[in-house]
Amino acid sequence: MAVLANQRINAQRLWDSLGEMALIGPGVAGGCNRQTLTDADGAGRHLFARWCADAGMRMGVDTMGNMFATRAGTDPDALPVYMGSHLDTQPTGGRYDGVLGVLGALEVVRAMNDMGVQTRRPIVVTNWTNEEGARFAPAMLASGVFAGIHTQDYAYGRTDLDGKSFGEELARIGWVGDEAVGARKMHAMLELHIEQGPILEAEGKTIGVVTHGQGLWWLEITLTGRDAHTGSTPMNMRVNAGLGMARITEAVHRIAMSHQPNAVGAVGQVKVYPNSRNVIAGKVVFTVDIRSPEQGKLDLMRGEVERAAAAVAAELGLGCSIEPVGHFDPVTFDAGLVDVVRGAAERLGHAHMDIISGAGHDACWTNRVAPTVMIMCPCVGGLSHNEAEEISPEWAAAGTDVLLHACLEVAEVV
Ligand code: HGY
Ligand code: MN
Ligand code: MN
């Protein structure tokens, strides 16, 4: 291992691959709109598959479209080391969220090929389907099925705003694989990801050693009132679902602020019916996103949001239903792998710190079925889920070098 200590990935090749992938499903402001199971997602998958073939890897795909590219180890019976993340993006997504984890893992294999390194364990580079949950809720859907959290039937039945189902769309783009989802067993899973928050940059750190991930609830609230004329309907005769949504959105913010630090809450998706300028909204469907790394706070906030919604609905005479459409409890990653990542960052001389992931990741689910850890690099201004998301080539290379050395250790160089 000593001779490998000075080995580094090819930073330019990684940066070029990130740039080339970003051209598929481009946004309108320099980022990406490569939403899951769209034609753009399909094109991105084909490019990734070609690159994996060029790197000598064998591709497997499961019935959720999860992609697994294997680099053989000297011991074919040894459980593999998995590395990866997701290629799907938000509708106004950045170039690096998820993509750095997939293409960084590919670069690790490319670098191992250049170095002529063999490992005892096979190495598998992974692209998880529908991590974002933007088109089909919940987030991390396919890794969730892989980990036994959701059934495949549930996942296939999830629909987008146009009523198209996950199962139909996966078949339409031709990425229904032949492997039974969840059949694969992992020795370990390593996920490289941008932080998507401001901490690492503010602290002057290049590497985040991710010890935990915060938990999440997505609560879809449907308020029903009565469509009516915005001009001729007296104020005391209105049953205004839009007003209810506004008051509940304010309550979500107030509840999150009352649990500081380590609590967040917002409403990101709103569907208003009939969504006409001069009709009082008779129905609103919106999703509350609340999160905390503390289980107690997360559970408290859910109860407070539900009670606040019921009180607003009663006051305004609205019907109210609440359906959880996403959930995972706070995550503790594998302590042994955390030490491996921290040691790699240390040996590589990168300023690093332990950090809790604010965003959810596929690693949060694989952590249920195999030892899992994450590596983070900073992003400019902590901005993500925005086309202006930015990282430096140096940060990308540093994170991928840590991934390389953690993988060399865990996969056991021979
Ligand atoms: O929602 C999340 O935290 C992730 O970006 N899907
Ligand atoms: Mn992501
Ligand atoms: Mn994301």
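Look up: the structure comes first, before these words.
This section reports on the structure supplied with the text.

1. Focus: the packing of helix α2 (residues 39-54) against helix α3 (residues 99-115)
In contact at an axis separation of 10 Å, α2 and α3 are set at 15° when each is read in the N-to-C sense. Judged by the angle between their axes, α2 and α3 are roughly parallel. Between α2 and α3 lies a crossing whose hand is left-handed. Residues Phe48, Trp51 and Cys52 of α2 touch α3, and the partners they reach there are Val102, Leu103, Leu106 and Arg110. Tallied by class, residues from the contact of α2 with α3 come to 6 nonpolar, no polar and 1 charged.

2. Some remarks on the coordination of the manganese ion (ligand 2)
Around the manganese ion (ligand 2), the protein contributes the donor atoms His86 (NE2), Asp97 (OD) and His193 (NE2), which lie 2.1 to 2.3 Å from the metal centre. The distance between the manganese ion (ligand 2) and the manganese ion (ligand 3) comes to 3.4 Å, with Asp97 serving as a donor to both metals. Linking His86 in the loop between β3 (81-85) and α3 with Asp97 in the loop between β3 and α3, this pair joins segments that are 11 residues apart in sequence. Taken individually, His86 and Asp97 each receive the classification buried, so the pair is uniform in this respect.

3. Things to note about the packing of aromatic side chains
Centre-to-centre distance and the angle between the planes together describe a pair of aromatic rings. Within the structure shown, the criterion is met by 8 aromatic pairs. Ring geometry for Phe68 and Phe146: centres 6.0 Å apart, planes at 40°, overall tilted. Separated by 78 residues along the polypeptide, Phe68 in strand β2 (residues 67-71) and Phe146 in helix α4 (residues 141-146) bring together distant segments of the chain. Relative accessible area serves as the criterion here: at 6%, Phe146 is assigned to the buried category. Measuring from centroid to centroid gives 5.0 Å for Trp128 and Phe146, while their planes differ by 70°, and the two rings are edge-to-face.

4. Observations concerning the site of ligand 1
Looking at ligand 1, the residues that line it are Glu131, Glu132, Ala139, Arg291, Ala359, Gly360 and His385. In this structure, Glu131 approaches ligand 1 through a side-chain N or O atom, which is 3.0 Å from a nitrogen atom. Between ligand 1 and Glu132 there is a distance of 3.4 Å, counted from an oxygen atom to a side-chain nitrogen or oxygen. When grouped by side-chain class, the residues that make up the shell around ligand 1 number 2 nonpolar, 2 polar and 3 charged.

5. Regarding the coordination of the manganese ion (ligand 3)
For the manganese ion (ligand 3), the protein coordination sphere consists of Asp97 (OD), Glu132 (OE), Glu132 (OE) and His385 (NE2), at 2.1 to 2.4 Å. Mapping the donors of the manganese ion (ligand 3) onto the primary sequence gives the spacing D-x34-E-x252-H. On the basis of relative accessible area, Glu132 is assigned to the buried category, the value being 6%.

6. Quick notes on unusual backbone geometry
Look at the link from Ala137 to Pro138: it is a cis peptide, with omega at 0°. Relative to the helices and strands, Pro138 is located in the loop between β4 (123-127) and α4. Following Gln260, the chain continues to Pro261 via a peptide bond in cis, the omega torsion being -10°. For Pro261, the position within the fold is in the loop between α8 (241-257) and β9 (264-273). Despite not being glycine, Leu37 has its phi angle at roughly 65°, a positive value. The residue Leu37 is located in the loop between α1 (11-22) and α2 in this model.

7. Focus: the sheet that holds strand β12 (residues 319-328)
Sheets are built from strands paired through backbone hydrogen bonds, the pairs being either parallel or antiparallel. As summarised here, the arrangement of the 4 strands in space is β9-β11-β7-β12, forming an open sheet in which the pairing is antiparallel. Unpaired on one side and paired on the other, β9 and β12 mark the two borders of the sheet. Averaged over all neighbouring strand pairs, the angle between strand axes comes to 15°, with direction disregarded. Of the pairings in the sheet, the one linking strand β7 (residues 215-224) to strand β11 (residues 283-292) comprises 10 bridges and is antiparallel in character. Each bridged residue has a counterpart across the sheet, and for Leu223 the counterpart in β11 is Val284. Most of the contacts of α8 go to β11, to which it runs at about 5°, and overall it touches β7, β9 and β11.

8. Some points on the pairing of β4
With respect to burial, β4 is a largely interior element, 5 of its 5 residues being buried. A two-sided burial pattern is seen for β4, the buried positions comprising Ile123, Val125 and Asn127 on one face and Val124 and Thr126 on the other. Sheet analysis places β2 next to β4, joined by 5 bridges and oriented antiparallel. Among the inter-strand pairings, Ala69 is bridged to a residue of β4, identified as Val125. One ladder, built from 5 bridges, connects β3 with β4; its direction is parallel. Across the sheet, the residue bridging to Val81 is Ile123, located in β4.

9. So, the nonpolar core
By size, the foremost hydrophobic cluster in this structure holds 102 residues, and its most contacted members are Met21, Phe48, Met83, Leu100, Leu103, Leu190 and Cys407. For this core, the element with the most residues is helix α12 (residues 393-411), which contributes 12 residues. Counting 26 residues, the second-largest nonpolar core is a separate cluster that includes Trp217, Ile221, Ile248 and Ile255.

10. Remarks on the side chain of Thr206
Tracing the backbone shows Thr206 in the loop between α7 (199-203) and β6 (207-213). Classification of Thr206 as buried rests on a relative accessible area of 18%. Those residues in contact with Thr206 that lie beyond four places of it in its chain are His350, Ala351, Met376, Cys377, Pro378, Trp395 and Ala398.

Criteria and thresholds
- Residues numbered from 1 in each chain as written.
- Chains lettered and ligands numbered in written order.
- Predicted model: local features only at pLDDT ≥ 70, side-chain atom pairs only at ≥ 80, totals over all residues.
- Heavy atoms only, no water.
- Axes fitted to C-alpha atoms, helices over the stretch in contact; angles between N-to-C directions.
- Helix = DSSP H or I, 4+ residues; strand = E, 2+ residues; numbered from the N terminus.
- Parallel < 35°, antiparallel > 145°, perpendicular 65-115°, else oblique.
- Left-handed = near helix turned anticlockwise from the far one by under 90°.
- Contact = heavy atoms within 4.5 Å.
- Nonpolar A, V, L, I, M, F, W, Y, C, P; charged D, E, K, R; others polar.
- Donors = N, O, S within 2.8 Å, 3.2 Å for Na, K, Ca; no water.
- Buried < 20%, exposed > 50% of the residue type's maximum accessible area, 1.4 Å probe, protein only.
- Phe/Tyr/Trp six-rings, centres within 6.5 Å; stacked < 30°, edge-to-face > 60°.
- Near = heavy atom within 4 Å.
- Polar contact = N/O pair within 3.5 Å; in protein donor to acceptor, adjacent residues only side chain to side chain.
- Pairing = 2+ DSSP bridges.
- Core = buried A, V, L, I, M, F, W, Y, C linked by side-chain atoms within 4.5 Å.

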